[in-house]
Amino acid sequence: MLTTDEIRLFLDEDEASMLKKKAREGQRYYEGQHDILEYRLFYFNSDGQLVEDKNRTNTKIPHPFFTELVDQAVQHVLSGDDGIFRADDPKLQEFLDLYFNDNETFAAELAETITGQQAKGFDYMYAYKDENDRLAFENADCLGVVEVEGRFAEDGKDQRIYKYVDRIDKEGHTQWKILVIDDEQTAYFKQTDNGEIQTDTDVKVNPQPHNMYIDEKTGKLVRKATENSFLPMFRLDNNKKRFSHLKTVKLLIDDYDIMASSLSNNLIDFDTPLHVVKGYQGDNLDELQQNLKTKKIVGVDPEGGIEVHTVDVPYQARQAKLELDEKSIYKFGFGLNMAGLKDTAATTNIAIKMAYSLLELRCSKIITELKKFLRQLLKPVIAEINEQNSTDYQVSDVYFCFEPEVMANATENAQNKLTEAQEQQARINTLLMLAAYLGDEVLMQNVCEVLDLDYEELKGKFPDPDEAKNQLGGAKNILEGGDPTEPEPDDPMGGIDE
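Here we summarise the structure given alongside this text. Within every chain, residues take consecutive numbers counted from 1 along the sequence as written. Only residues with pLDDT of at least 70 get local features here, since the model is predicted, and only at 80 or more are side-chain atom pairs given and counted; chain-wide, interface and lining totals rely on the full set of residues. Side-chain metrics rest on all non-hydrogen atoms present in the structure, leaving aside hydrogens and water.

1. Concerning the overall build of the chain
When its secondary structure is counted, the chain shows 14 helices and 17 strands. Split into buried and exposed, the 498 residues of the chain put 35% on the buried side. A total of about 31300 Å² of accessible surface is found on the chain, and carbon and sulfur atoms cover 51% of it. Secondary structure elements follow DSSP: runs of H or I of four or more residues count as helices, runs of E of two or more count as strands, with numbering from the N terminus. The rule is simple: take the accessible area with a 1.4 Å probe, protein chains only, and divide by the maximum for that residue type; under 20% is buried, over 50% is exposed, in between is partly exposed. The method behind every accessible area is Shrake-Rupley, applied with a 1.4 Å probe, and residues are considered shielded solely by the protein chains displayed.

What follows is the structure in structure tokens.
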């Protein structure tokens, strides 16, 4: 295991890395903390010095487009209702539902991990044993995870350092927990603010093996022998370079923030009209301003007067630029722009699918990375199922099914179903008109094809044609008061008056 000095060294180096800098930037924008909040106005004074202008209006309005883009993708990928993990074996499917599909905690943690993947470029899930002695997974913030390769450790094992906030005490000090994890055990440390890293004495067994049980004879915790050891920290990448989805739209969002904030500044600064007063009967301008604000009356000499001038703010150009930026943000951010679906009731399904096309393209890439990630989570789960239930399931027995939902025009769907039903009825009527020429078997084959039924499966359930004819004739004889056992004449039209 790493020493406390080595832990601090790795944490300091990781915090200064460009990868974590970009990850923090993505997280900041996802939380709505844009660069516009640090926007300042300057001017050159009479001495030629650059000084900050604190008198002009400086509105700072962040527009959280990036938050919407990230949440759109996460919800679209996970919008299916039948679960992601699938297996043809019913018993294995029960296990998968228990661990994943019906586990609300796992669904929430997975959504949080995909959010981190999009916002920060990558994120982690941490495996642990729950109260039922079953593997469970939770999200681990990538900003607090450091990957240590085996070549930097004395024992040659790959390790992970996981630092997270435990609590903030009543004096305002941040209490940190630091975990050093390898494939067999976890060592626990603690730190106050940025002070000394110390061994966590509150943990009874430290370092603590991943698999333990209580010995009934001694009552002590004992390491459980297992062949399924693994490093319980799994990483989900957004791409090979692990940069955030923010990279493609940050400058566009910043431009939108500046344009919108500047427009607000102009409207505020030029909201007050300018008064030109001629022949004012007084020397105090403060009194003039007070009279204009309160009494709305000022005195002037006979040749004097007041002219009120307003300034028209040229907002049209800014408004056009804002609309262009908004379209570009959704276009290059591969998002769903709901402004393009103004009247959903009158929008066709083709138009809706076109609006979803960019989001679908982006989500297909997310799903590709997600399948590789979920396969990593699945390996220790399958091993645990086999160990606890004496089964021999393989990871290849499981497949992943993503079924993102897309909005649709309900009126158009109903009309399409009605049209299909009418077409189906017309085809059946045509077949019935040709029944005398096709024969019973061919007729039923074609009817089953129209109704999308399996003829071979239903063939044995059809009544014999001769028997059906006799039953029909018997029914007719009963209606006419005759003998029901008398067979129907060969001529199907016999006995019926024209």
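Read on for the rest.
2. Observations concerning the environment of asparagine 206
Tracing the sequence through the fold places asparagine 206 in the loop between strand S10 (198–199) and strand S11 (208–209). Separated by 17 residues in the primary sequence, asparagine 206 and phenylalanine 189 place their C-alpha atoms 9.2 Å from one another. In terms of polar contacts, asparagine 206 uses its side chain to reach the backbone amide nitrogen of tyrosine 188, at 2.9 Å. We call two N or O atoms a polar contact when they sit within 3.5 Å, provided that within protein one can donate a hydrogen and the other can accept it, with sequence-adjacent residues counted only if both atoms are side-chain atoms. Looking at asparagine 206, its side chain comes within polar contact range of the main-chain oxygen of aspartate 200, at 3.3 Å.

3. A word on the side chain of asparagine 238
Following the sequence through the fold, asparagine 238 ends up in the loop between strand S14 (233–237) and helix H6 (250–269). Of the polar contacts made by the side chain of asparagine 238, one reaches the side chain of glutamine 118; its length is 3.0 Å. Residue contacts are counted whenever heavy atoms from the two residues lie within 4.5 Å of one another. Ignoring sequence-local partners within four residues, the contact set of asparagine 238 consists of Gln117, Gln118, Gly121, Phe243, Ser244, His245 and Glu369.

4. Notes on the packing of aromatic side chains
Paired rings are identified among Phe, Tyr and Trp, the last through its six-membered ring, by centres lying within 6.5 Å, and are further divided according to the angle between planes into stacked (under 30 degrees), edge-to-face (over 60) and tilted (the rest). The tally for this structure, following the rule as stated, stands at 14 aromatic pairs. With centroids separated by 4.9 Å and ring planes inclined at 80°, the aromatic side chains of phenylalanine 65 and tyrosine 256 adopt a geometry described as edge-to-face. Highlighted residues: phenylalanine 65 in helix H3 (residues 65–77) and tyrosine 256 in helix H6, separated in sequence by 191 residues. Relative to phenylalanine 137, the ring of phenylalanine 100 has its centre 6.2 Å away and its plane inclined at 20°; by these criteria the two rings are stacked. With phenylalanine 100 in helix H4 (residues 90–101) and phenylalanine 137 in strand S5 (residues 135–140), this residue pair connects regions lying 37 residues apart in the sequence. For phenylalanine 100, a relative accessible area of 2% gives the class buried. Using a relative accessible area of 4% as the deciding quantity, one classes phenylalanine 137 as buried. Sitting over the face of the ring of tryptophan 176, lysine 163 holds its NZ or CZ atom 4.5 Å from the ring centroid. In this scheme, Lys NZ or Arg CZ marks a charge over a ring once it lies within 6 Å of the ring centre and within 35 degrees of the ring normal. A cation over an aromatic ring shows up here: lysine 247 above the ring of phenylalanine 243, its NZ or CZ 4.5 Å from the ring centre.

5. Looking at the nonpolar core
Take the buried residues of types Ala, Val, Leu, Ile, Met, Phe, Trp, Tyr and Cys, join any two whose side-chain atoms come within 4.5 Å, and each joined set is a nonpolar core. Judged by nonpolar contacts, the single largest core of 56 residues is most densely connected at Phe85 and Leu374. Top contributing element to this core by residue count: helix H9 (residues 349–389), with 14 residues. Ranked by size, the runner-up nonpolar core spans 14 residues in total, among them Tyr126, Ala140, Val145 and Tyr188.

6. Let's talk about helix H8 (residues 315–332)
Multiply 1.5 Å by the residue count of a helix minus one, and that product is the helix's expected span. For H8, with 18 residues, the first-to-last C-alpha span of 26 Å sits near the 26 Å given by 1.5 Å per residue. For H8, the full list of buried residues reads Leu322, Asp325, Ser328, Ile329 and Tyr330. Just downstream of H8 lies phenylalanine 334, where phi reads positive at about 55°.

7. Things to note about the pairing of strand S7 (residues 159–168)
At least two DSSP bridges between two strands are required for those strands to pair. Of the pairings in the sheet, the one linking strand S6 (residues 145–148) to S7 comprises 4 bridges and is antiparallel in character. In the sheet register, valine 148 faces S7, and the bridge partner there is glutamine 159. The pairing of S7 with strand S8 (residues 174–181) spans 8 bridges and is antiparallel. Following the sheet pairing, tyrosine 162 is matched in S8 by leucine 179.

8. Regarding the sheet that holds S5
Strands sit in the order S5-S4-S14 across an open sheet of 3 strands; the sheet is antiparallel. In this open sheet, the two strands that pair with only one neighbour each are S5 and S14. In this sheet, adjacent strand axes meet at a mean angle of 30° when their direction is disregarded. Pairing of strand S4 (residues 122–129) with S14, which is carried by 5 bridges, proceeds in the antiparallel orientation. Under this scheme, a helix contributes an axis fitted over its contacting stretch, all axes are lines through C-alpha atoms, and angles between N-to-C directions fall in the 0 to 180 degree range.

9. A closer look at a nonpolar patch on the surface
A cluster of nonpolar residues, Phe42, Phe44 and Leu50, forms a patch on the protein surface that exposes about 350 Å² of accessible area. Residue classification places phenylalanine 44 among the exposed residues on the basis of a relative accessible area of 61%. Patches here are clusters of residues that have more than 30% relative accessible area and form no salt bridge, with a 9 Å joining cutoff for like charges and a 5 Å cutoff for nonpolar side chains (Val, Leu, Ile, Met, Phe, Trp, Tyr). Each salt bridge in this description consists of a side-chain nitrogen of Lys or Arg and a carboxyl oxygen of Asp or Glu lying within 4 Å of one another.

10. Notes on the packing of helix H2 (residues 18–30) against helix H5 (residues 104–120)
In the contact formed by H2 and H5, the axes pass within 8 Å of each other and the chain directions differ by 110°. In this view, H2 runs roughly perpendicular relative to H5, as classed from their interaxial angle. In this structure, H2 uses Ala23, Gly26, Gln27 and Tyr30 to contact H5, whose residues at the interface are Thr115, Ala119 and Lys120. For classification purposes, an angle smaller than 35 degrees is called roughly parallel, one larger than 145 roughly antiparallel, one from 65 to 115 roughly perpendicular, and anything else oblique.

11. Quick word on H5
What sets the pattern is the α-helix's 3.6 residues per turn: residues three or four places apart point alike. In this model H5 runs 24 Å from its N-terminal to its C-terminal C-alpha over 17 residues, within 8% of the 24 Å that 1.5 Å per residue would give. Here H5 has its buried residues at Phe106, Leu110, Ala111, Thr113, Ile114, Thr115, Gly116, Gln117, Gln118, Ala119 and Lys120. Measuring from the backbone nitrogen of threonine 105 back to the side-chain oxygen at the start of H5 gives 3.1 Å, which picks out asparagine 103 as the cap. Taken from the residues just after H5, glycine 121 is the one with a positive phi, measuring 100°.

12. As for unusual backbone geometry
Cis geometry is adopted by the peptide bond preceding proline 207, which originates at asparagine 206 and carries an omega value of 5°. Of note, proline 207 is situated in the loop between S10 and S11. Residues other than glycine seldom take positive phi values, yet serine 390 does so here, at roughly 55°. Mapped onto the elements, serine 390 comes out in the loop between H9 and strand S17 (398–400).

13. Concerning the pattern of salt bridges
Across all of its chains, the model carries 20 salt bridges by this definition. In this structure, the salt-bridge partner of lysine 372 is glutamate 369, at a minimum N-O distance of 3.5 Å. Of this pair, lysine 372 and glutamate 369 both sit in helix H9, separated by 3 residues, roughly a single helical turn. A relative accessible area of 22% places glutamate 369 in the partly exposed class. Among the ionic contacts, a cluster of salt bridges with common partners joins Arg28, Asp35, Lys250 and Asp254.

14. Here's the deal with a negative patch on the surface
On the surface, Asp88, Asp89, Asp392 and Asp397 cluster together into a negatively charged patch. Locating aspartate 392 in the fold gives a position in the loop between H9 and S17. Given a relative accessible area of 62%, aspartate 392 falls into the exposed group. Only four residue types enter the tally: Lys and Arg on the positive side, Asp and Glu on the negative side; His and the chain ends are excluded. Charged groups are reduced to one reference atom each: NZ for lysine, CZ for arginine, CG for aspartic acid, CD for glutamic acid.

Nothing here speaks to function; it is geometry throughout.
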